[in-house]
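Here are the chains, one letter per residue:
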Amino acid sequence: MLNKQEAYTFTDDHLLKASSIISTEFWNVHELLSQNFANRSEQLEAIKELIRLGNAMVKISEARSALF
């Protein structure tokens, strides 16, 4: 069984990994937005994905802050 500090460290490590994954995806979609789109609906979907990823980054940051 993990003690409280080990649990925090374990959770923080997972949040850092999630943050890294989400950040990479965010910047991939951000770069995608600089390219030409076949139509506006594709562009809108990319923007929605960028917003979703940005919101996920905020939630992860808030979760990490709440740990300590």
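Structure: above.
Residues numbered from 1 in each chain as written. Predicted model: local features only at pLDDT ≥ 70, side-chain atom pairs only at ≥ 80, totals over all residues. Heavy atoms only, no water.

**Overview of the pattern of salt bridges**
Here is step 1: Evaluation of the coordinates by the stated rule reveals 3 salt bridges.
Here is step 2: Between R64 and D12 there is a salt bridge, with the nearest N and O atoms lying 2.6 Å from each other. Of this pair, R64 sits in helix α2 (residues 40-67) while D12 is found in helix α1 (residues 4-32), placing the two residues 52 residues apart along the sequence.
Here is step 3: A relative accessible area of 31% means that R64 is categorised as partly exposed.
Here is step 4: The partner of E49 in a salt bridge is R52, and the shortest N-O contact between them spans 2.7 Å. Here E49 pairs with R52, and both are found in helix α2, just 3 residues apart, close to one helical turn.
Here is step 5: On the basis of relative accessibility, which here comes to 26%, the residue E49 falls in the partly exposed class. (Salt bridge = Lys/Arg side-chain N within 4 Å of Asp/Glu carboxyl O. Helix = DSSP H or I, 4+ residues; strand = E, 2+ residues; numbered from the N terminus. Buried < 20%, exposed > 50% of the residue type's maximum accessible area, 1.4 Å probe, protein only.)

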